[in-house]
Amino acid sequence: MNDTNQKILQIFKETGALMEGHFILRSGLHSGHFFQCARVCEYLDRVSELVEMLVKKLGDIQVDTVIAPAMGGLVLGQEVARQMGKRFIFAEKQDGNLVLRRNFKLAEGEKVLIVEDVITRGGRVQECIDIVKATGANPVAATVLVDRSEGKAKFEIPCVSLLEFSFPTYEADKLPPELASIPASHPGS
């Protein structure tokens, strides 16, 4: 593991964002580890530090607006937009689906960057891509702090992650004994 990845993991550990136990992920899969990025978001200096590294990885990408799904992507998306000097909006749940509310609008052809905290299967990123496309705007890329999909989350746009780090995940009926012996919790996303 390179020094940058070690530094990122250290930030997650120091802020309590990297948890160990038995967790049921939003995807429905079970894991012995959970990235609770909301914990790192308690420390805005650490958020700024992580986002600075993330924005550098994005390179010279041209965007007009940053969108993030609520709740996980809010603080990160706002900080990405701030560091890039761009407008920020967010999608939120309504009747179980992400939608644009609060009179947020995207213009035809507007270049949009999608920001999320962690992906396992990438469902919320895909929902944001669909929202952006439905408005006629142009989703140009997605970016995440942690991609734990093991390369399985694929999108029609580039996706840049600060850290690609996967812990094993399991279907509920295929848990290893050491995980099955621990009560499962839903830590939230």
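These figures come from a predicted structure and were not determined experimentally. (Residues numbered from 1 in each chain as written. Predicted model: local features only at pLDDT ≥ 70, side-chain atom pairs only at ≥ 80, totals over all residues. Heavy atoms only, no water.)

A short note on the overall build of the chain
Here comes step 1: Regarding its fold elements, the chain presents six helices and nine strands.
Here comes step 2: Here the chain has a C-alpha radius of gyration of 16 Å; the compact-globule value for 189 residues is 16 Å, and the two agree.
Here comes step 3: Relative to its full complement of 189 residues, the chain shows a buried share of 49%.
Here comes step 4: In the chain, 64% of the contacts between residues at least 6 apart in sequence involve partners at least 24 apart. (Helix = DSSP H or I, 4+ residues; strand = E, 2+ residues; numbered from the N terminus. Rg over C-alpha atoms; globule rule 2.2 N^0.38 Å. Buried < 20%, exposed > 50% of the residue type's maximum accessible area, 1.4 Å probe, protein only. Contact = heavy atoms within 4.5 Å.)

Focus: the confidence of the model for the chain
Here comes step 1: In the predicted model, the chain carries a mean pLDDT of 92, and the fraction of residues at 70 or more is 98%.
Here comes step 2: Mean pLDDT values over the elements of the chain span from 87, in strand E2 (residues 30-35), up to 97, in strand E3 (residues 65-69). (pLDDT = per-residue confidence, 0-100.)

Overview of helix H4 (residues 74-84)
Along an α-helix, residues three or four apart share an orientation, since each turn contains 3.6 residues.
Here comes step 1: All of the buried residues in H4 are Leu74, Leu76, Gly77, Glu79, Val80, Ala81 and Met84.
Here comes step 2: Positive backbone phi, approximately 70°, marks Gly85, located one or two places after H4.

Here's the deal with the nonpolar core
Here comes step 1: Counting 39 residues, the largest nonpolar core has Phe12, Phe35, Val40, Leu50, Val80, Leu113 and Leu145 as the members making the most contacts within it.
Here comes step 2: Top element by residues in this core is helix H3 (residues 44-58). It accounts for seven residues.
Here comes step 3: In this structure, Val80 is in contact with Val51, Leu54, Val55, Val66, Leu113 and Val115, ignoring residues within four places of it in sequence.
Here comes step 4: Grouped together as the second largest cluster of nonpolar side chains are 19 residues, Ile119, Ile129, Ile131 and Ala142 included. (Core = buried A, V, L, I, M, F, W, Y, C linked by side-chain atoms within 4.5 Å.)

Some thoughts on the side chain of Arg124
Here comes step 1: Its place among the elements puts Arg124 in helix H5 (residues 123-134).
Here comes step 2: Given a relative accessible area of 8%, Arg124 falls into the buried group.
Here comes step 3: Among the polar contacts made by the side chain of Arg124, one reaches the main-chain carbonyl oxygen of Ala70 at a distance of 2.8 Å.
Here comes step 4: Excluding residues within four positions of it along the chain, Arg124 makes contact with Arg26, Pro69, Ala70, Met71, Gly72, Gly73, Leu98 and Glu116. (Polar contact = N/O pair within 3.5 Å; in protein donor to acceptor, adjacent residues only side chain to side chain.)

Points about unusual backbone geometry
Here comes step 1: Omega for the peptide link from Ala70 to Met71 comes to 5°, which places this bond in the cis form.
Here comes step 2: For Met71, the position within the fold is in the loop between E3 and H4.
Here comes step 3: Positive phi outside glycine occurs at Arg102, with the angle close to 60°.
Here comes step 4: Within the secondary structure layout, Arg102 lies in the loop between strand E5 (97-100) and strand E6 (111-119).
Here comes step 5: Among the residues examined, Arg102 registers a relative accessible area of 55% and is labelled exposed.
Here comes step 6: Phi at Asn103 is positive, roughly 65°, even though this residue is not glycine.
Here comes step 7: Note that Asn103 resides in the loop between E5 and E6.
Here comes step 8: Among the residues examined, Asn103 registers a relative accessible area of 60% and is labelled exposed.

Notes on the packing of helix H1 (residues 3-14) against H3
Here comes step 1: Interhelical geometry of H1 versus H3 gives an angle of 155° and a closest axis separation of 11 Å. Viewed along their axes, H1 and H3 adopt a mutual orientation that is roughly antiparallel. Here H1 runs over H3; the crossing is left-handed. The segment H1 lies against H3, with Thr4, Lys7, Ile8, Ile11 and Glu14 engaging Arg46, Glu49, Leu50 and Met53.
Here comes step 2: Residue composition of the contact of H1 with H3, by class: four nonpolar, one polar and four charged. (Axes fitted to C-alpha atoms, helices over the stretch in contact; angles between N-to-C directions. Parallel < 35°, antiparallel > 145°, perpendicular 65-115°, else oblique. Left-handed = near helix turned anticlockwise from the far one by under 90°. Nonpolar A, V, L, I, M, F, W, Y, C, P; charged D, E, K, R; others polar.)

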